[in-house]
Structure formats: structure tokens, C-alpha cells
Amino acid sequence: MNIILFGPPGAGKGTQAKHLVNKLNNFQVSTGDILRKEIQKNSEIGKTITKDMNDGKFINDEIVNKLIKDVIFDPSRKNRFIFDGYPRSISQAKNLDLLLNHSNQKIDHIFFLNVDKETIIKRIEKRKIIEKRSDDNLNTIIKRYDKYMEITKPVLDFYSKNPQFNEIDGGLKIDEITAKIDAFLNV
């Protein structure tokens, strides 16, 4: 079963993805994690990613699509993906459809964790203290939230026509969101 989780930075995609990974024995595809690994390598791509993140920009689709392609074509993970933070643009959505089609896969469920900016700011401030994540600067997060909502709106519109698309109030407590997702999955 392949699942896409949408939501702005701090919406709880990673938390829900981890739950689904454990429950379904799937693999989390977190663009955030993939990008952070590339940064740790200190490669040219990693340096570009760091600069874009510090400027509050999203990473170039070409870079993200290249990194995702390797993951999707891993035969041991076929039809067992939880996409967390991908796709973020129409280009990425079309790329994902193409990659899945070429690997004889499809998306089974799409969840949008819709959360307002004030809730995100509170969550990020808490996460910043607990996890000490360098990409959790408040000003950067606000820029990323606004950019996410601007760029991802067309992607949400694109997927909202899909019968597997479900919007969930991301302002709910973690266990309430989990229960709603589990109900849609019938698990």
C-alpha cells in the first residue's frame, strides 16, 4: 500500500508516517530526511540544499525527483511507501505518477493534514527545543509555511479530485489524527 501525507512543516506528517511504517511494515520516504542526509555528505547538492533551506525556499524539483527515483525503483520496497513531504509541486506530482506507473505501482491513499499557521508556530517552537533541529528557525518556518501553502495548493487541487484523497484536521491531537487515518485505511 502506497500512501501520500501532505501538510505544512510541523503538521505531524513525520509522526503519522512513523505510525504507518510500524503498522503496515512500510517504508517512510521523507524528503526532509533524504535532503538532510545529502547535506551531511557535504556534497554540491547538499550545499545547494542548505542555501535554499536557509533562504526559506523549497529545493529544486530536479534535485528532489532524482533522489526520489532511486527510492521508488528499489524492488524490496515496492507498494510499501509512505510519502512524507513529497510531492510538493505539480512537477513532482507528475513525476511521482510517472515513476509509479513505470514501476507498476499506484497511490492507495492520500491524506492532507490541514493545520493553521499559529498551531504550526507553537509546534515548531516545541520541536526546536526537544529535537534541536537546525531547520526549525522560526522565521524560516514562517517562510516555509507560506511558501508551502502557495506551492502545494495546486498539488492539493490536483489530488483532491482523486477518490483516495482525504483532508484531516491537523490541529487535532496526535492520537486523534492517527485514529482518523486508521479508519480510512480500515486497519
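Look up a bit, the structure's there.
Residues numbered from 1 in each chain as written. Predicted model: local features only at pLDDT ≥ 70, side-chain atom pairs only at ≥ 80, totals over all residues. Heavy atoms only, no water.

**Here we look at the overall build of the protein chain**
In plain terms, the rule: In this description a helix means any DSSP run of H or I spanning at least four residues, a strand means any run of E spanning at least two, and both kinds are numbered starting from the N terminus. C-alpha atoms define the radius of gyration in this analysis, and the globule rule sets the expected value at 2.2 Å times the number of residues to the power 0.38. Buried means the residue's accessible area, taken with a 1.4 Å probe over protein chains only, is under 20% of the maximum for its type, while exposed means over 50%, and partly exposed covers the values in between. In what follows, residue pairs with any heavy atoms lying within 4.5 Å of each other are defined as contacts. When charges are counted, neither His nor the chain ends are considered; positive counts come from Lys and Arg and negative counts from Asp and Glu. Positions of charges follow a simple convention, taking NZ of Lys, CZ of Arg, CG of Asp or CD of Glu.
Helix and strand counts for the protein chain stand at 8 helices and 5 strands. What you see in the protein chain, going N to C, is helices and strands ordered as β-α-β-α-α-α-β-α-β-α-α-β-α. A compact globule built from 187 residues should have a C-alpha radius of gyration of about 16 Å, and the protein chain, at 16 Å, falls within 12% of that. For the protein chain, the spread of C-alpha atoms along the three principal axes comes to 40 × 35 × 30 Å. Looking at the protein chain as a whole, 45% of its 187 residues qualify as buried. Considering only contacts within the protein chain whose residues lie at least 6 apart along the sequence, 76% involve residues at least 24 apart. Computed over 32 positive and 26 negative side-chain charges, the inter-centroid distance for the protein chain is 2 Å.

**Overview of the pairing of strand E3 (residues 81–84)**
Regular strands place side chains that alternate from one sheet face to the opposite one. In plain terms, the rule: Pairing between strands is defined by DSSP: at least two bridges between the two strands are required.
Burial of the side chains of E3 extends over both faces: Phe81 and Phe83 are buried on one face and Ile82 and Asp84 on the other. The pairing of strand E1 (residues 3–6) with E3 spans 3 bridges and is parallel. Opposite Leu5, over in E3, you have Asp84 as the bridge partner. Where strand E2 (residues 27–30) and E3 come together, 4 bridges link them in parallel fashion. Each residue of the ladder has a partner; that of Val29, found in E3, is Phe83.

**A few points about the sheet that holds E3**
Defined as follows: Geometry is summarised by axes, namely lines fitted to C-alpha atoms with helices restricted to the contacting stretch, and by angles between N-to-C directions that run from 0 to 180 degrees.
Read across the sheet, 5 strands follow the order E2-E3-E1-E4-E5 without closing on themselves; strand pairing throughout is parallel. Only two strands of the sheet have a single neighbouring strand rather than two, namely E2 and strand E5 (165–169). On average, adjacent strands in this sheet sit at an angle of 20 degrees to one another, irrespective of strand direction. Strands in contact with helix H8 (residues 174–185) are E1, strand E4 (109–114) and E5; relative to E4, the strand with the most contacts, it is inclined by about 160 degrees.

**Looking at the packing of helix H2 (residues 31–40) against helix H3 (residues 44–54)**
We apply this condition: Roughly parallel covers angles under 35 degrees, roughly antiparallel covers those over 145, roughly perpendicular covers 65 to 115, and oblique covers all other angles. With the far helix as reference, a near helix turned anticlockwise by less than a right angle produces a left-handed crossing, and one turned clockwise produces a right-handed crossing.
Two elements in contact, H2 and H3, have axes whose closest approach is 7 Å; the angle formed by their N-to-C orientations is 120 degrees. Compared by their axis directions, H2 and H3 come out oblique. Here H2 and H3 pass one another in a crossing that is left-handed. Contacts between H2 and H3 pair Leu35, Glu38 and Ile39 from the former with Ile45, Gly46, Ile49, Thr50 and Met53 from the latter.

**Digging into helix H5 (residues 90–102)**
Our working definition: To estimate the expected span of a helix, count its residues, drop one, and scale the result by 1.5 Å. This arc describes the spread of directions from the helix axis toward the C-beta atoms.
In a regular helix each residue adds 1.5 Å, so 13 residues correspond to 18 Å; H5 covers 18 Å between its end C-alpha atoms and thus fits that length. The complete set of buried residues in H5 reads Gln92, Ala93, Asn95, Leu96, Leu99 and Leu100. Here the buried residues of H5 occupy an arc of 160 degrees about the axis, which is enough to place them on one side. Facing away from the buried side of H5 by more than 90 degrees, the exposed set consists of Lys94, Asn101 and His102. Packing partners of the buried residues in H5 comprise E1, helix H4 (61–72), E3 and helix H7 (138–160). Within two residues after H5, Asn104 carries a phi angle of roughly 55 degrees, on the positive side.

**A closer look at the pattern of salt bridges**
Under the convention used in this document: What makes a salt bridge here is a side-chain nitrogen of Lys or Arg within 4 Å of a carboxyl oxygen of Asp or Glu, nothing more.
Applying the stated criterion across every chain, the model contains 9 salt bridges. Its salt-bridge partner being Asp55, residue Lys51 comes within 3.0 Å of it at the nearest N-O pair. Given the relative accessible area of 35%, Asp55 is considered partly exposed. Among the ionic pairs, Asp74 bridges to Arg77, the shortest N-O distance being 3.5 Å.

**Details of the packing of aromatic side chains**
Basically, it comes down to this: By convention, a stacked pair of Phe, Tyr or Trp rings (six-membered ring in the case of Trp) has centres within 6.5 Å and planes under 30 degrees apart, an edge-to-face pair has planes over 60 apart, and any other such pair is tilted.
A complete count under the given rule lists 5 aromatic pairs for this structure. Relative to Phe83, the ring of Phe81 lies with its centre 5.5 Å away and its plane at 40 degrees, an arrangement referred to as tilted. Here Phe81 matches Phe83 in class, with each residue buried. Plain terms: the ring middles of Phe158 and Tyr159 are 5.1 Å apart, the flat faces sit at 80 degrees to each other, and that makes the pair edge-to-face.

**Overview of H7**
Filter applied, for reference: Fitting axes to the seven residues ending at a residue and to the seven starting there, one defines the bend at that residue as the angle between these axes.
Of all the bends in H7, the greatest reaches close to 45 degrees and is centred on Thr152; the proline Pro154 follows between one and four positions later. Of all the residues in H7, the buried ones are Thr140, Ile141, Arg144, Tyr145, Tyr148, Thr152, Val155, Leu156 and Tyr159.

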